[in-house]
Amino acid sequence: MVEGSDSTKKAQTQWTPFSEKTKYFEPSTREFMINYRVENLELLVEELKKEGVTIVDTIETYDYGKFVHILDAEGNKVELWEPKD
């Protein structure tokens, strides 16, 4: 698997276990969360709002990228990440 259009850059899959008592996945009742890499997070969030998608929190910015959480149609919490590449 490669990352983006650069075929020399390998992509990653990451599993991060959480305590079974974590509240990080709330308001979802699932024991997991999927994280998607996206481009232009601000624009994407505006488009998702127009489509009626539940935005759980506000965009947070860190030195490694921007994050926000949404709920999918089944109520699962999904993390959207715009990496700072």
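By convention here, each chain's residues receive numbers from 1 onward along its written sequence. At least 70 in pLDDT is required for a residue's local features to be given in this predicted model, at least 80 for side-chain atom pairs to be given and counted, and no such filter applies to totals for whole chains, interfaces and linings, which use all residues. Values shown for side chains rest on all heavy atoms present in the structure; no hydrogens or waters enter the calculation.

> Looking at this structure, I do not really get the environment of I70. What am I missing?
Of note, I70 is situated in strand β6 (residues 65–71). When a residue's accessible area, from a 1.4 Å probe over protein chains only, is under 20% of the maximum for its type it is buried; when over 50% it is exposed; and in between it is partly exposed. In this structure I70 comes out as buried when scored by relative accessible area, which is 9%. For the pair I70 and K21, spaced 49 residues apart in the sequence, the C-alpha separation amounts to 21 Å. Whether two residues are in contact is decided by their heavy atoms: any pair within 4.5 Å suffices. Beyond its immediate stretch of four places on either side in the chain, I70 contacts L48, V53, T54, I55, V56, N76, K77, V78 and L80. The numbering of helices and of strands both runs from the N terminus, where a helix is a DSSP run of H or I of at least 4 residues and a strand a run of E of at least 2.

> How should helix α1 (residues 41–50) be read in this particular structure?
Given 3.6 residues to a turn, an α-helix orients residues that are three or four positions apart in the same direction. Inspection of α1 places L41, V45 and L48 among the buried residues, and these make up the whole buried set. Buried residues of α1, seen end-on, are gathered within an arc of 65° and therefore sit on one face of the element. Where α1 is buried, its residues meet β4 (54–55), β6 and β7 (77–83). Two residues or fewer after α1 comes G52, characterised by a positive phi angle close to 85°. This arc is taken over the directions from the axis of the helix to the C-beta atoms.

> Help me understand the pattern of salt bridges, please; the structure alone is not making it clear to me.
Salt bridges, as used here, are contacts in which a Lys or Arg side-chain nitrogen is within 4 Å of a carboxyl oxygen on Asp or Glu. Scanning all chains against the criterion turns up 3 salt bridges. Close ionic contact of K66 with E42 constitutes a salt bridge, the shortest N to O distance being 2.7 Å. A residue pair is termed long-range when its members are at least 10 positions apart, and K66 in strand β6 and E42 in helix α1 qualify at 24 residues. A relative accessible area of 34% places E42 in the partly exposed class.

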